[in-house]
Amino acid sequence: MHAQLNSTHQQLFGNAGELFKFFAPGRVNLIGEHTDYNGGHVFPCALDKGTYAIVSIRNDNKIKLYSTNFSKIGIVELEVNQKFTHEPQHDWANYVKGMYKIFLDNGYKISHGLNITIGGNIPNGAGLSSSASLEILIATILNYIYKFNIDPVTLIKWGQNVENNFIGVNSGIMDQFASMMSIENHAMLLNCSTLDYIYAPLNLNEYIIIIANTNKRRGLADSKYNERVLECQTALKQLQQKLDIKTLGDINSDTFLANEYLITNPIHRLRAHHAVFENQRTKDAVIALKNNDLITFGLLMNESHISLRDNYAVTGIELDTLVEAAWNEPSTLGARMTGAGFGGCTVNIVHKQMADSFIHNVGKIYTEKTGLCADFYIANVGKGAHAL
Ligand code: GLA
């Protein structure tokens, strides 16, 4: 990937002096879905796939951006001190503009321009955080090149801020956190309310993680996502009439069941039910993993999917077909959708020796039922953003 990006950079920007290289990973969330913006726990790990950049310094104030994934858009040219606004024709570069804006808004002075060539090997819009990896990549680049020395958690919050206020998706903090803070061969249990986290070794013995991509375009995913956020906020407000809580993550399942009558809209009640029980499942899953009880871990993943399907309504025929086909394979310990849903990917814990038959059988059923072709990847658990 790097060699190719290097030569693209040289072709576009000539012999541009010292080249700096960076990487920020995508992530897969093992369990704890749609809990982050509800103040609950998540359990993601970084992938060894993600977004790469080659950067060279310019002596003027121009920022020149190019992505090999969006070659049709060509070079996007900006000025370091311009007003950064969202422009649809800039597509992927809006994430970069949003990051520049937030550095400037926080009083950081950008003293010179940059040439940045980007390329990624995670499929866009597949629920593996291609956008968060781009935000964290740019944050890492600016922090490194301009020697700002900003702490990683601030950069993570800025990444989420770009997503919320510049792009317009009211997402939680999980993806940026995972892309920045992950360590190799570990997943991270993150409390999204306090931002406390612990790393848990991913000892899966003879099992591996297989990611399956539905290759279904996510369509209205962003507006549906924001709708879920709002539904949970409304449910929370009604619970707060009686309970002294700040988020849905503050209550356990018993307290929820005793008070759910406060939530007047039955749909909102289901959404909150998911958020509360999924939070519990996530904590239970990490304990199961620690006890080397992979069977329980897998069952909790399956329950997570069922709740995302029945209570949260974010799956759809493609994700459900892939997951159900995976459940029917004897080699599967657990399978569920991962990420926001509405298309995107599933995550599966599968016996190593039966990976090929898993891919063959699940892929075949999926194509028969949906007419689409799934892609499968064996996930290697990588580490967070860094200069190379
Ligand atoms: C997307 C968002 C995350 C999280 C997940 C669902 O990936 O960016 O913040 O809400 O969906 O768990």
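In the block above lies the structure referred to throughout.
Within each chain, residue numbers correspond to sequence positions counted from 1 in written order. Per-residue local features of the predicted model are confined to residues with pLDDT of at least 70, and side-chain atom pairs are confined, for both listing and counting, to 80 or more; whole-chain, interface and lining totals are unaffected and use all residues. With hydrogens and water excluded, all non-hydrogen atoms of the structure serve as input to the side-chain values.

> An account of the overall build of the chain is needed here, citing residue identities and associated values.
Secondary structure follows DSSP: runs of H or I at least 4 residues long count as helices, runs of E at least 2 residues long count as strands, and numbering of each begins at the N terminus. Assigned secondary structure in the chain consists of 11 helices and 13 strands. In terms of C-alpha radius of gyration, the chain reaches 21 Å, essentially the compact-globule figure of 21 Å for 388 residues. The principal-axis extent of the C-alpha atoms belonging to the chain is close to 65 × 50 × 40 Å. Of all 388 residues assigned to the chain, the portion counted as buried reaches 59%. The contact criterion used is simple: two residues touch if any of their non-hydrogen atoms lie within 4.5 Å. Sequence-distant contacts in the chain: of pairs separated by 6 or more residues, those separated by 24 or more amount to 71%. Only the protein chains shown count as cover for residues, and all accessible areas are computed by the Shrake-Rupley method using a 1.4 Å probe. Surface accessibility of the chain: about 16,000 Å² in total, with carbon and sulfur atoms responsible for 49%. This count recognises Lys and Arg as positive and Asp and Glu as negative, with His and chain-terminal groups excluded. In plain terms, the charge of a residue is placed at NZ if it is Lys, CZ if Arg, CG if Asp and CD if Glu. With 32 positive and 36 negative side-chain charges, the chain shows a separation of 5 Å between the mean positions of the two kinds. What the globule rule says is 2.2 Å times the number of residues to the power 0.38, and the radius of gyration is computed from C-alpha atoms. A 1.4 Å probe rolled over the protein chains alone gives each residue an accessible area, and that area as a share of the maximum for its type sets the label: buried under 20%, exposed over 50%, partly exposed in between.

> I'd like a rundown of the packing of aromatic side chains, residues and numbers included.
A pair of aromatic rings is counted whenever rings of Phe, Tyr or Trp (Trp by its six-membered ring) have centres within 6.5 Å, and the orientation is called stacked for planes under 30 degrees apart, edge-to-face for over 60 and tilted otherwise. Per the counting criterion, the structure on display carries 16 aromatic pairs. Here the aromatic rings of F103 and F148 are separated by 5.8 Å at their centres, their planes lie at 35°, and the arrangement is tilted. Placement of F103 in helix α2 (residues 93-105) and of F148 in the loop between α3 (130-145) and α4 (152-167) is noted, with a sequence separation of 45 residues between them. Ring geometry for F103 versus W158: centroids 5.0 Å apart, planes at 80°, classification edge-to-face. Highlighted residues: F103 in helix α2 and W158 in helix α4, separated in sequence by 55 residues. In terms of burial, F103 and W158 fall into one category: buried. Every member of this aromatic cluster is reached through a ring pair, and the members are F103, Y108, Y146, F148 and W158.

> Tell me what's going on with the site of the ligand, and back it up with residues and numbers.
Within the structure, the ligand sits among R27, E33, H34, D36, Y37, S171, G172, M174, D175, Y225, G339 and A340. Between the ligand and Y225, the relevant distance is 2.5 Å, taken from an oxygen atom to a side-chain nitrogen or oxygen of the residue. Each polar contact in these results corresponds to two N or O atoms within 3.5 Å; when the atoms are within protein, one needs to be able to donate a hydrogen and the other to accept it, and residues that are neighboring in sequence are counted only if both atoms are side-chain atoms. Note that an oxygen atom of the ligand is positioned 3.4 Å from one of the backbone N or O atoms of A340. When the free accessible area of the ligand is taken as 310 Å², the share hidden by the protein chains comes to 92%. Three categories are distinguished: nonpolar for Ala, Val, Leu, Ile, Met, Phe, Trp, Tyr, Cys and Pro, charged for Asp, Glu, Lys and Arg, and polar for the others, with Gly belonging to the last. Its residues assigned to classes, the shell around the ligand shows 4 nonpolar, 4 polar and 4 charged. Each domain's extent was defined by an automatic or database domain assignment. Of the domains in this structure, domain 1 (2-199) and domain 2 (202-378) are the two that each give at least three residues to the shell around the ligand. Nearness of a residue to a molecule or strand requires only that one of the residue's heavy atoms be within 4 Å of it.

> Let's hear about helix α9 (residues 294-310): which residues, and what values?
Given a rise of 1.5 Å per residue, 17 residues ought to cover 24 Å, and the 24 Å separating the end C-alpha atoms of α9 matches this to within 8%. Along α9, the positions that sit buried rather than exposed are L294, F297, G298, L300, M301, N302, S304, H305, S307 and L308. Buried residues belonging to α9 abut β9 (207-213), α8 (266-290), α10 (317-327), β10 (332-338) and β11 (345-351). Multiplying 1.5 Å by the residue count of a helix minus one yields the expected span of that helix.

> Run through the nonpolar core, naming residues and quoting values.
Here, nonpolar core refers to any group of buried Ala, Val, Leu, Ile, Met, Phe, Trp, Tyr and Cys residues whose side-chain atoms link them within 4.5 Å. If you look at the biggest cluster of nonpolar residues, it comprises 50 residues, and the most contacted ones within it are V55, L65, Y100, F103, L114, I116 and I141. Top element by residues in this core is α3. It accounts for 8 residues. When sequence neighbours within four positions are dropped, the list of residues in contact with F103 reads Y108, A139, L142, N143, F148, I150, L155 and W158. L204, A285, L289 and L294 belong to the second-largest nonpolar core, a separate cluster that totals 32 residues.

> I'd like to hear about unusual backbone geometry, residue by residue, with values.
For residues that are not glycine, phi is negative in most cases, and the peptide bond is trans in most cases. Unlike most non-glycine residues, N215 shows phi in positive territory, near 55°. Within the secondary structure, N215 is located in the loop between β9 and α6 (221-239). N215 sits in the partly exposed class, given a relative accessible area of 36%. Here the phi dihedral of N292 falls at roughly 60°; this positive angle occurs in a residue that is not glycine. Its place among the elements puts N292 in the loop between α8 and α9. Judged by its relative accessible area of 46%, N292 falls in the partly exposed class.

> Quick rundown of the pairing of strand β6 (residues 114-120)? Include the residues and the values.
Of all the 7 residues making up β6, 7 are buried; the element is thus mostly covered by neighbouring parts of the structure. Judged by which residues are buried, β6 turns out to be covered on both faces: L114, I116, I118 and G120 on one side and N115, T117 and G119 on the other are all buried. Between any two strands, at least two bridges found by DSSP are needed for them to pair. With 7 bridges connecting them, strand β3 (residues 44-57) and β6 associate as antiparallel partners. Each bridged residue has a counterpart across the sheet, and for I57 the counterpart in β6 is L114. Pairing geometry for strand β4 (residues 62-67) and β6, over 5 bridges, is parallel. Bridging across to β6, Y66 finds its partner in T117.

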